[in-house]
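Report on the structure
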Amino acid sequence: MDFPDGEILQRLDARELDLAEVIKSLQDREFTGVLKYFGDKVGNILFIRGEIVAMTYGNTAGDQVGDILLEETAKGGRAEVHQLPPQTARSALRYYIDVLGHPIAIWKLEDARREVMRRAGINEPDVATLEQMLESEGVAHLLKRSAPEIIAAKKEVTCGWDAVGLMDQYPVPPNAHMNILVMGGPNPYKQLWCQQFIYGELVKGLGAVYFNFNTTPDDIRMNLVRLGMDIEKFEEEGKFFFVDCFPWRLKKSPEKFHAAIDKSSLLDFGLALSEASKEIDAPSSVVVFDSLSNLMIYFDPDQVIKFAVNQGSKLKEMEWTGLYIVEEGVNDTKIENSLRFLLDGVFVIETTRKKYLGEFKIEWIRGIVDKPTAYYFDVSKKGLGLISKKG
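Residues numbered from 1 in each chain as written. Predicted model: local features only at pLDDT ≥ 70, side-chain atom pairs only at ≥ 80, totals over all residues. Heavy atoms only, no water.

Digging into the sheet that holds strand S16 (residues 383–388)
Ordered by their spatial adjacency, ten strands build an open sheet running S10-S9-S8-S11-S12-S7-S13-S14-S15-S16, and the pairing between neighbours is mixed. Whereas interior strands pair on both sides, the edge strands pair on one side only; in this sheet they are strand S10 (257–258) and S16. Alignment of strand S8 (residues 207–212) against strand S9 (residues 240–244), held across five bridges, turns out to be parallel. By the bridge assignment, Phe211 is partnered in S9 with Val243. (Pairing = 2+ DSSP bridges. Helix = DSSP H or I, 4+ residues; strand = E, 2+ residues; numbered from the N terminus.)

Structural data, given as structure tokens:
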């Protein structure tokens, strides 16, 4: 990752002693900006108010690059000091942590940090001071979350509820089979939440069926792989199937089960689900309908509601779970309220301009959650993560 460019304050030859002196000078001045190194590869050190909070070198990032960067600058090249507006620096740090998933890099790697500090004549960093500084910049949550996120990354997911970060708050009875409405404005996070849920169920040993009405199965597969949720082995084991409903124009669907949305009836979708359910090698499964709003473009909304309710009844009889995605505001309020009333629970996922990417709200789940509760959420390379509003 290449941190943003700002006003260039200084250019210098990248020799080891010069780099250490520059770092010390920037820390003394509570500098906010980027120190860039240009040699065989490019290295970046992001400062916020004089503290080193993130580093990159070449294709690597995180705590481990401090010694690499220091070593490389001894070989020559040049360095540039760029001053950034505080907001730009904060945005760069959030992208580095929340989207790319790197920990804050304050040279925690002991050998590299001590060597750099020794050469630069800088005292050992005071983490409490750094946390206080980040709090004033509005990004202290990043430091506080780094350790739990590392632990969470190593934790084995046990079920869908666990995969989306809610198992501890709402332990679901083993025999609970629900039909949940997942709605929100135009954003991809509803789909991501559902995909994480089904991945957790697959890891648990259950099955899954995914109705894709508005994107291709390969697009979904690639997104899951990008976030560390490869479903290939579950497809090979006969535990996961797409019902490909994408309106192909130039070729036929390669999926075993398919019913193009523009050439099929609602009955066809129900039959496809029945056929897929007979093939799945699992005691129970979860079905994602992505999305009912797409169905309402091609079919009468009242008929789509009846379809959803009928499929929900079928899934309960089979002891399966259903996730029904709806684009909020696209359909008549009466339609949305009907779905809220007829299904077993309602989740709302909205983006926001507050300090996190968005808000995840559980309006209710029959027999489990009786009053609304909400979380912030952010997205990293580990997927969508929920953050308590109490933190």
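On we go.
Quick look at unusual backbone geometry
Between Asp290 and the following residue, Ser291, the backbone shows a cis peptide bond with an omega angle of 0°. Look at Arg49: it is not a glycine, yet its phi comes out positive at around 50°. Summarising the element assignment, Arg49 is placed in the loop between strand S3 (42–48) and strand S4 (51–57). By relative accessible area, Arg49 is classed as partly exposed at 33%. For Glu319, which is not glycine, the phi torsion reads 65° and is therefore positive. Tracing the backbone through its elements, the reader meets Glu319 in the loop between helix H13 (301–318) and strand S12 (321–327). (Buried < 20%, exposed > 50% of the residue type's maximum accessible area, 1.4 Å probe, protein only.)

Concerning the packing of helix H11 (residues 266–279) against H13
The axes of two packed helices give the description: the angle between them and the distance between them. Relative to each other, H11 and H13 sit at 15°, their axes nearing to 10 Å. By the criterion of interaxial angle, the relationship of H11 to H13 is roughly parallel. You can see that H11 and H13 cross each other, and the crossing is right-handed. Of the residues in H13, those touching H11 at Leu266, Phe269, Gly270, Leu273, Ser274 and Ser277 are Gln303, Val304, Phe307, Gln311, Lys314, Leu315 and Met318. (Axes fitted to C-alpha atoms, helices over the stretch in contact; angles between N-to-C directions. Parallel < 35°, antiparallel > 145°, perpendicular 65-115°, else oblique. Left-handed = near helix turned anticlockwise from the far one by under 90°. Contact = heavy atoms within 4.5 Å.)

A few points about the pairing of S4
Of all seven residues that make up S4, six are buried, and the element is covered over most of its length. Looking at chain direction, S3 and S4 are connected through six bridges and run antiparallel. Note that in S4 the partner of Asn44 across the bridge is Thr56. Counting the residues that bridge the hairpin from S3 to S4 gives two residues, and of these Arg49 lies at a positive phi of roughly 50°. As defined by bridge partners, S4 adjoins strand S5 (residues 60–61) across two bridges and the pair is classed as antiparallel. Bridge pairing in S5 places Thr56 opposite Ala61.

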